[in-house]
Structures are given as C-alpha cells and as structure tokens.
Amino acid sequence: MSEALNILKEVFGYPAFRGQQAEVIAHLASGGDCLVLMPTGGGKSLCYQIPALLRNGVAIVVSPLIALMQNQVTALHEIGVRAAVLNSSLSQQEAIQVEQKLLADEFDLLYVAPERLLTARFLNLIARIPIALFAIDEAHCVSQWGHDFRPEYIQLSILHERFPEVPRIALTATADMDTRKEIIERLGLNIAKVFVSSFDRPNIRYQIVDKTNSRSQLLTFIQAEHPGDAGIVYCLSRKKVEETALWLAKQGLSAVAYHAGMSMQQRSLNQEKFLREESIIMVATIAFGMGIDKPDVRFVAHLDLPKSIEGYYQETGRAGRDGQAANAWMAYGLGDVIQQRRMIEESEAQHRFKQVAARKLEAMLSLCETTTCRRTRMLSYFGESIETAGCGNCDICLNPPQVWDATVEVQKAMSCVYRTGQIFGAGHLIDVLRGNLTDRVKEWHHDKISTFGIGKDFPEKTWRAIFRQIVALGLLTPDSEGHGALHLTEASRAVLKGQQNVCLRQQTKIEQLSRKRSGDDLISLDSAERSLWEQLRSWRAKTAKEHGVPAYVIFHDATLHELVRLCPQTEDELSQVTGIGARKLDKYGTYLMEILRDG
Ligand code: ADP
Ligand code: ZN
C-alpha cells in the first residue's frame, strides 16, 4: 500500500486517501472484485486509476458517457498518465491507431464504450494482452428500473466468463438497495466485496427558503454568496429556463440555458461554455446534469420543487464535487405544492405509479417543511443515520425555526374553504380571511360570511405560509381542474373538530443566514490575498485556454486556495500543496513561483 500512497502523492498530488479509497485500492490491486457505492464527488475514479498503475497490463474502463471519458483522459494526460478513449467519437483511422498502441502496451488505462467493448473484434484483441482490471463505471446502468438503463450493460457479465482471472470493479453513486442487488446479480459480482460509503456530502450547505419573488431572491443569494462562481439553476419548464437565463443575463451575470427543446448544437455549445469557462451560471431543466463532472460548481439552486428526494439529492449533489464549500439553495412556496400535486393528479399514469409519485412528493414536502436537520432527514431517507444531533451545515441547524401551535388559524382557514364552497384558491381565501373588500369578494358576497375578516391580525405573507404548510401536510388539497382551488380532505375533519392540533413553523429569517458565506471564506481574504487569488485564476484561465481544456483540469479551486493560504516560496513547499503532483510541478512550477513571489 505504500506504493499506492506514493502514486497518490507523486502522480495525483494528493496527501491522503479519502474515505474508503485505500481499502478499495488494496482489495482491487490484490486481485479481488469489488462493488463501490460512493456519492458523487466521493473520489471513485482513483479507486481504479491507482490499481491500474499498480498492476501489470492495461485497465479497461467501461463508461456510457462519451464526454466524460474524454474529460477523464484529458485530466490523466495532464498528470502524465498514459490513457486513451475508444468510442464512436473517433474516426476509423484513429480507432485503429488506438488499437495498435494498445497491443504495443502503450496505455495504462483505456476508456471504452460498452457497445465497442462487446464486439468480437475488441474482445479478441484484449485476449492477446495482459489486462490489469475491468472497471465498470455508472454500474447502475444495468438496472432496468432505473432512468439510465443501457441494454449493453447487461451483457457485461461476459467479461467475467471470458476473463475470469481479471479483477473487476463496479462503481455507482446510486444509493438504493434494489439497484445494488440488481448490479450484483446481473454482473455476477456475488463474491465481490461491497464498499458502501456514507452518502453524506458535508461540504454542501442545504437551504430551503420561503418563496416570495424567486427571481430576486435568487439574485440576492448569488450576489451575497456566490459572486463570480459557477452554478446551476434548475427550473421545471423550458419556458422558465429561458426567461430566467435571459433575466440573469440582464442583471449582468453570465447565464446560459439548457433544455431538451433546444437544438442539439445549441445545447452542446452552452454545455461546453459552462464546462470550460469560469463563472458561468447554467439555467436548466433536469435534462441537464447526467455525466457532468465539473468539480467546481459552487451552488445548485432550485426555483421549483423537485418531484422526489432522490432527484433533489442527485441534482444538488452536482455542487462541490471538489470537496470545497458549496450551497444547495431552493425557493419553495404554496404554488409549488399545488403544481406538483396537480401534475400527479393529471398524469395519465396507472394508479400504482401515481401512488408511488405521491409518496415521493410527500417525502420531499416533509423535507421542505421539516423543523429538524435537513441532512439527517435526507440521509435517513436513504437508510443512513448520522451520529450527531444535527449536521451544523443546513439552514435548520444554523438557524432553528420556531414552532407554534397554529390549530386555531388552521381551523379558520379550513372553515373559510368550506364556507366559500371549496372552489377558490389561496389568494381569494386570504382576501376573505383578511377582510379585503376586493371585487371578487363583493361579487360572491363573501363579505357576508362568518369567516370574513377573522384573520385580520396576520399579514398576507403569514397566511400564505400557513396555507402552504396546510397543503403540504395534506390537510387541504388542490382540485384537479388546474385552477388551484383548494378543498378539504379526509384529514381535515379531525382538525376542524378540534381532535387534532397542528403545529407549524415560523418564517425563518433568511437574510441573516445568507450574509454568512459558507465554509472556506473568500470574503475573509485580505486585499493582497484577494489579488493573488485573482492573479492565479487569470493565469489558470489563460493556461487552460492555451491547452484547450477546462480550467479545473489545470488546477482545482482547492489548489488555488491552498496556494493563497500557504504562499509557498520554494519548489519543495510547492510540491506539498494538494493537487500538485510531480508532472504539474514540472510543467507549471516556475510560472506559479513567479506569481507567488510577486504576490
Ligand atoms: P466521483 O467519480 O466519485 O464523483 P471523482 O473521482 O471525480 O468523483 O473525484 C471527485 C474529485 O475529488 C476529483 O476532482 C478528484 O480529483 C478529487 N479527489 C479524489 N480523491 C481525492 C483525494 N484522496 N484527495 C483529494 N482529492 C481527491
Ligand atoms: Zn442540519
């Protein structure tokens, strides 16, 4: 294992293994099969890249994502590892060249698309050379029930049949038990050692705020916490994606859009821009994200409620893959609850599917309305528990909300729904409760009913929050007509009869939290450090451009941070910095020393 650690330091420039990396590497390097479940950003790649360098022969890496393969290979070239891709992006000529080099033992790693790997030609080819290992990335693609099912993945069991002596490692970031079982079964990994890491992402700060005006809330959030950072903003509809991107651009931010309705060309243009340039904000539907391994996404914002905790966790997990502080921020309001409930109601799906969808939405809503630690809730949803009472890095832990007994107010709201005939939305109901003499109130003579004006003592904002929570709790439900009209449910009865109390959360003071920038504090840098940071960044941008690679392939933010903090003055000190291995020291050391000395 000391050899593995040496490679980690010398080649990759990292001082220590993370989580279970060391155990996985030891097991695989000694010839054992393994299944590795690690969250996004957990460091799965090193688990096979280091054994690839330790073992004799070439490591064959199967991946379904062409763009991702290329990125990995580019990053490997940067640190001097001999690697190549073999997939449909190559011309026939190029593919033949790769094959020849493969036979001549010129690679440590070869990334292959599954359909290519399964051809008789390729299988015969690799039968002629020593193979270090097979790595099956995104192994959940074997699952027929998952979103990412790839039929070729099922046939990958052939690898074990043809090459029984070659160890295999399957990797995925999908957490659930069923998928895990399916991977083991379909890939014949019964004797494989299973490594399950915690799915916790402690560097991500979760924050869910009450939606008032989501756009300006978003802008305030970005300006306060993420000036100059790259981030992703998720919206539900294509239209909203385009409008939001345009609006952000008008506010002077570099925002681009991505959704399935755009032309292929425009989409990949915007995606490239996001990957390669710095400080780009990607506004997208959930069509965007799979296979995006940009490590320095500093925030993920949701302007609409996701359908499930699985989705939310996956989308927010795209923030902070480099382990540096990142934010997952969401604005959520009554409209979201109504919209999602209605979408399930109106969908053409069978009853069984609707039930599953409704259950998932319930779990998501209770995450939004929780008065206890968000992270603890999400992890327990995935069957994991955390030891401490709270995580200390979510809005609830940082700023615990007050809970109040709102039974009387909820009863008032419900009677108002009942007395107005269960055909109105929250807006009108609040007008009646607050005693507003609007045209509509007059038209329906709602100023004559007993609930008119009985809610005067609360502002509209509070009433909206009350309605949102009542609907989230299932005590009122929107009708299926699509006008947001609310009606009573089975569960309403007990509350109306006074048999059940309802506790709600008080509005949290969001502003207070937002001003504290999370974690590694750029704002706390003094002006000299700040200027050094800017110089390093612009040198990195320039170098990346010259090499035609994304900036993070040159150095991660974490490396630049450490450079600013430690300000190394000798080559030896420089080599101690995380992310600076022998090759990068050799290539960039002199430039860095120049900047650091001046700085
Ligand atoms: P995953 O595939 O699990 O999402 P990656 O393998 O892409 O994650 O790793 C995420 C990031 O963490 C990468 O940028 C990688 O360089 C970095 N990383 C991995 N292992 C270590 C380590 N031991 N020390 C420091 N950084 C690491
Ligand atoms: Zn918490």
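These numbers were taken from a predicted model, which means no experiment stands behind them.

**Student:** Mind showing me how you'd approach the packing of helix α19 (residues 407-419) against helix α22 (residues 460-472) here?
**Tutor:** Two quantities define a packed helix pair, namely the angle between the helix axes and the distance between the axes. The N-to-C vectors of α19 and α22 enclose an angle of 80°; their axes lie 11 Å apart at closest approach. Regarding the angle of α19 to α22, the classification is roughly perpendicular. Facing α19, whose interface residues are E409, V410, K412, A413 and M414, α22 presents W463, I466, F467 and I470. For the contact of α19 with α22, the class distribution of residues is 7 nonpolar, no polar and 2 charged.

**Student:** Mind showing me how you'd approach the sheet that holds strand β10 (residues 255-258) here?
**Tutor:** The pairing of strands in a sheet comes from backbone hydrogen bonds and takes either a parallel or an antiparallel form. Read across the sheet, 6 strands follow the order β8-β13-β12-β9-β11-β10 without closing on themselves; strand pairing throughout is parallel. Because the sheet does not close on itself, it has two edges, and the strands there are β8 (204-210) and β10. Pairs of neighbouring strands in the sheet enclose a mean axial angle of 15°, with direction left out of account. Bridge count for β10 against strand β11 (residues 281-284) is 4 bridges, and the pairing is parallel. When the sheet's bridge partners are listed, A257 is paired in β11 with V283. Where helix α12 (residues 238-250) meets the sheet, it contacts β10 and β11, and its direction lies at approximately 170° from that of β10.

**Student:** What is the right way to look at the layout of surface pockets in this model?
**Tutor:** Sizing a probe to match a water molecule and rolling it over the atoms shows the empty space that remains. Of the volumes computed, that of the second largest pocket is approximately 420 Å³. Surrounding the second largest pocket, 17 residues form its lining, K211, G333, L334, G335 and D336 being those nearest its centre. Where the lining of the second largest pocket is concerned, the elements lending two or more residues are α15 (334-346) and α22. Across the lining of the second largest pocket, the residue classes break down as 3 nonpolar, 6 polar and 8 charged. The residues that make up the lining of the second largest pocket include at least three from each of domain 2 (204-398) and domain 3 (403-505).

**Student:** Is there a simple way to think about the site of ligand 1 in this case?
**Tutor:** Ligand 1 sits among 15 residues. The nearest are Y14, G41, S45, R321 and H556. Here an oxygen atom of ligand 1 and a backbone polar atom of G41 are 2.6 Å apart. For ligand 1, the accessible surface in isolation is 560 Å², of which the surrounding protein chains cover 84%. No other element matches helix α3 (residues 44-54), which puts 3 residues into the shell around ligand 1.

**Student:** Looking at this structure, how should I read the nonpolar core?
**Tutor:** Within soluble globular proteins, side chains that are nonpolar tend to cluster in buried spots. L110, I126, I169 and F467 are the most contacted members of the largest nonpolar core, which totals 163 residues. Dropping the residues within four chain positions of it, I126 is found in contact with I60, L102, L117, I131, F134 and F163. V209, L218, F299 and A331 belong to the second largest nonpolar core, which has 21 residues in total.

**Student:** I'm lost on the coordination of the zinc ion (ligand 2) in this one. Help?
**Tutor:** In an ideal octahedron of six donors the angles at the metal are 90 or 180 degrees, and in an ideal tetrahedron of four donors they are 109.5 degrees. Around the zinc ion (ligand 2), the protein contributes the donor atoms C373 (SG), C391 (SG), C394 (SG) and C397 (SG), which lie 2.3 to 2.4 Å from the metal centre. For the zinc ion (ligand 2), the 4 donor atoms are set out with angles of 101 to 118° between them, so the coordination reads as tetrahedral. Written as a sequence motif, the donor arrangement for the zinc ion (ligand 2) is C-x17-C-x2-C-x2-C.

What counts and what doesn't
- Residues numbered from 1 in each chain as written.
- Chains lettered and ligands numbered in written order.
- Predicted model: local features only at pLDDT ≥ 70, side-chain atom pairs only at ≥ 80, totals over all residues.
- Heavy atoms only, no water.
- Axes fitted to C-alpha atoms, helices over the stretch in contact; angles between N-to-C directions.
- Helix = DSSP H or I, 4+ residues; strand = E, 2+ residues; numbered from the N terminus.
- Parallel < 35°, antiparallel > 145°, perpendicular 65-115°, else oblique.
- Contact = heavy atoms within 4.5 Å.
- Nonpolar A, V, L, I, M, F, W, Y, C, P; charged D, E, K, R; others polar.
- Pairing = 2+ DSSP bridges.
- 1 Å grid on protein atoms, 1.4 Å probe; cavity = no way out; pocket = protein on both sides within 12 Å on 5 of 7 lines; lining within 4 Å.
- Points joined across faces, edges and corners; volume = space filled by probe spheres on them.
- Domains from an automatic or database assignment.
- Near = heavy atom within 4 Å.
- Polar contact = N/O pair within 3.5 Å; in protein donor to acceptor, adjacent residues only side chain to side chain.
- Areas by Shrake-Rupley, 256 points an atom, 1.4 Å probe, with all protein chains shown as cover.
- Core = buried A, V, L, I, M, F, W, Y, C linked by side-chain atoms within 4.5 Å.
- Buried < 20%, exposed > 50% of the residue type's maximum accessible area, 1.4 Å probe, protein only.
- Donors = N, O, S within 2.8 Å, 3.2 Å for Na, K, Ca; no water.
- Tetrahedral: all angles 85-135°; square planar, octahedral: opposite > 155°, others 65-115°.

Just geometry here; none of it tells us what the structure is for.
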